[in-house]
Amino acid sequence: MIAVASYIYVNISRPTTAPLDPLLSKLDSYLNEKLVMGPTLSGFYVANNGNSPLSIDYIVLQNTTSGSVTVVRASRNQLCSASTVELQPGGTSIVTCSSNDLESIAVVTSNGKVFTRDPKLTAPYLIPRTITQRVLLSPEVVTEIGQYLRVVGNIVNTSIDITKYIDSSNTNLVLNANVSLLIATKTPGNPDAWNILVVGYGGYGPRPKSSLNIGGQTINLSKVGYYRFRIKLENFTGQIRVTETAGERSLTKPEIVPNVVNQGKQYFIYLSGSVRRVSVYTNTSKLEPGFVDLDPYYVFGDLDGNGYPELIFVTQDHGTGNKDSVNDRLPVNINVVDSFLNPVRIVFTAEPIDNSRYATVVVSVRLFFWDSSEDDISDNDNRVILRVGIYDNQENKFVYSVSMSYYELCRYRTVKPFTVSYIVKDFLLYVPSPEEIESRDLYIVLEVTDPYNLQGSRNDAEIIVGIEYVGLVLGVRP
């Protein structure tokens, strides 16, 4: 029986296989044609939004004066011309006409399909919904950031007070020092110069003596800065050498060198050259809390070598910690914890926003974040670090804002080893109308803060926030 069944299966006649009907292929191409028409400054565009190639055979024209309609071949005519008649998926053709009285209202493809212009893309609907993105944090703004900062008095709250020991301009200097943190950036507009922030504390035990020579005057940092110092240099040119566990090296490109974070101990740096401005902040003879101005807690310059300078806020001094230990603690069991009394507010007054004309704003920010807490969420409560909003300069208040919290920012960094990971965030902001706050110019504001001081051994994070780019796109009112 099996043999009989096999014989029948092998020898039974089967229907012949017909090739695919070309009509089906043609129909598939026809159904997949998708085309969009809209105005440009010089005519009209035709865009292929489908997933199959198409060919434009005819252009349908209307005379705006007489109202007459004319159909012309797309490939050759005296009235209008298309930049191309063969459109691949995603391709675009521009139709321009010889007379301002003529406008393209439809096109006909080689498959006989007619596509008309969307009436929503013509007047009175022809209103641009957005404009080109504007750069707010330009190199010029970063260089003159003092004009845009809204800082009232001494803004930094610190567990060990530091005061300005020296502030000098256009001088030579030599720095030999043990440091915990070095942030070296390139000066905007001068690739041969550096903007530098040096953070450290005086020597203990066998460490070499730290000293700074400014214009022939030598400062013993191991004495005046016994518990801490911050040195800020702007437009420095000269040698920069770093001596670490692996040996000595010259610093040739921008870098953050966080040796205490990564290695648990200070390292030695040597700087020799000229500087346009140098300021030195050291602790007083008494170990007591105090309030400090913002100057030694930020530095600006190009850190990643892409030509855009970063504005970097730094409360980090020395080491890391967790919920059971203080994050910034010296080897002699003294806490060095800094925080901001109020957020540092940057008001971009160079780009006013007319609230009678614009309804929405998208602000793009490129930044990096780091903090000193090894067990982040257990060590710190979730507080606002970054805030972006619409600002009323007349009333000195936000009218709309959004923010980024500590827990969100923790996702973008590694504490040990120290990493700088850039992220880009877009913030959608609502612009209050004249009916709500009257007609006036409003401004974009960016706020940065370190909200962590010290509560027991928690809420003591020290931070580094770098803002590289701030740009906006404006959405017009309907």
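Residues numbered from 1 in each chain as written. Predicted model: local features only at pLDDT ≥ 70, side-chain atom pairs only at ≥ 80, totals over all residues. Heavy atoms only, no water.

Our focus in this paragraph is the overall build of the protein. Helix and strand counts for the protein stand at eight helices and 33 strands. Partitioning the contacts of the protein with sequence separation of at least 6, the portion at a separation of at least 24 is 76%. Summed over its atoms, the accessible surface of the protein is roughly 22,500 Å², and 51% of this surface lies on carbon and sulfur atoms. (Helix = DSSP H or I, 4+ residues; strand = E, 2+ residues; numbered from the N terminus. Contact = heavy atoms within 4.5 Å. Areas by Shrake-Rupley, 256 points an atom, 1.4 Å probe, with all protein chains shown as cover.)

This part covers the confidence of the model for the protein. Close inspection of predicted coordinates is inappropriate in any region flagged by low pLDDT. Residues with a pLDDT of 70 or more make up 87% of the protein, whose mean pLDDT is 83. Confidence drops under pLDDT 50 across residues 120-131; counting only partners more than four residues distant or on other chains, this segment forms 20 contacts. (pLDDT = per-residue confidence, 0-100.)

Further remarks concern the nonpolar core. In terms of nonpolar packing, the biggest core is built from 56 residues, with V361, I444, L446 and I467 touching the most fellow members. Per element, the largest residue contribution to this core is seven residues, and it comes from strand β33 (residues 463-476). In this view, V361 contacts I353, I390, F427, L428, L429, V431, I444, L472, V473 and L474; residues no more than four positions away in its chain are not counted. Ranked by size, the runner-up nonpolar core spans 28 residues in total, among them L173, L251, V275 and V280. (Core = buried A, V, L, I, M, F, W, Y, C linked by side-chain atoms within 4.5 Å. Buried < 20%, exposed > 50% of the residue type's maximum accessible area, 1.4 Å probe, protein only.)

So, about unusual backbone geometry. A cis geometry characterises the amide bond from K416 onward to P417, with omega recorded as -5°. Relative to the helices and strands, P417 resides in the loop between α7 (406-409) and β31 (422-430). Although it is not a glycine, N170 adopts a positive phi angle of roughly 50°. Here N170 lies in strand β13 (residues 162-179). If you check the backbone angles, N235 has positive phi at about 60° while not being a glycine. Mapped onto the elements, N235 comes out in strand β18 (residues 229-244).

This model, assessed by the stated rule, comprises one cavity of 30 Å³ or more. Of the pockets and cavities examined, the largest cavity occupies roughly 30 Å³. Lining the largest cavity are S180, L181, P258, V261, Q316, D317, H318, F418 and I464. A class-by-class count of the residues in the lining of the largest cavity yields five nonpolar, three polar and one charged. A domain split of the lining of the largest cavity shows at least three residues from each of domain 2 (131-153 + 295-478) and domain 3 (162-286). (1 Å grid on protein atoms, 1.4 Å probe; cavity = no way out; pocket = protein on both sides within 12 Å on 5 of 7 lines; lining within 4 Å. Points joined across faces, edges and corners; volume = space filled by probe spheres on them. Nonpolar A, V, L, I, M, F, W, Y, C, P; charged D, E, K, R; others polar. Domains from an automatic or database assignment.)

This paragraph deals with the packing of aromatic side chains. Inspection of every chain in the model, using the stated rule, returns 10 aromatic pairs. Centroid distance Y298 to F313: 6.2 Å. Interplanar angle 40°. Geometry classified as tilted. Taken together, the residues Y298 in strand β23 (residues 298-301) and F313 in strand β24 (residues 310-314) connect sequence positions 15 residues apart. Neither residue differs from the other here; Y298 and F313 are each classed as buried. Ring centres of F368 and Y422 lie 5.3 Å apart, and the angle between their planes is 70°; on these two criteria the pair is classed as edge-to-face. (Phe/Tyr/Trp six-rings, centres within 6.5 Å; stacked < 30°, edge-to-face > 60°.)

Below, the discussion takes up the pairing of β33. Taking burial as the measure, the 14 residues of β33 include 13 buried ones, the bulk of the element. Bridge analysis of strand β10 (residues 134-135) against β33 gives two bridges, and the strand direction is antiparallel. The residue of β33 that forms the bridge with V135 is G471. Pairing geometry for β24 and β33, over four bridges, is antiparallel. If you follow V314 over to β33, its bridge partner there is I464. (Pairing = 2+ DSSP bridges.)

Let us look at the pattern of salt bridges. One pass over the structure, following the stated rule, counts 24 salt bridges. The closest approach of N and O atoms between D295 and K232, which form a salt bridge, is 3.0 Å. Separated by 63 residues along the polypeptide, D295 in the loop between β22 (290-292) and β23 and K232 in strand β18 bring together distant segments of the chain. A relative accessible area of 11% means that D295 is categorised as buried. Its relative accessible area of 2% is what places K232 among the buried residues. Of the charged contacts in the structure, one is a salt bridge between R387 and E447, with a shortest N-O distance of 3.8 Å. Pair noted here: R387 is in strand β29 (residues 384-392) and E447 is in strand β32 (residues 441-448), with a separation of 60 residues, a long-range link. (Salt bridge = Lys/Arg side-chain N within 4 Å of Asp/Glu carboxyl O.)

This part covers the sheet that holds strand β25 (residues 338-340). Note: strands within a sheet are paired through backbone hydrogen bonds, in either parallel or antiparallel orientation. A sheet is described by the order of its strands in space; here three strands give the open sequence β22-β12-β25, paired in antiparallel fashion. Whereas interior strands pair on both sides, the edge strands pair on one side only; in this sheet they are β22 and β25. Sheet twist, expressed as the mean angle between neighbouring strand axes with direction ignored, is 30°. Pairing between strand β12 (residues 156-158) and β25: three bridges, direction antiparallel. Note on β25: the bridge partner recorded for V156 is F340. (Axes fitted to C-alpha atoms, helices over the stretch in contact; angles between N-to-C directions.)

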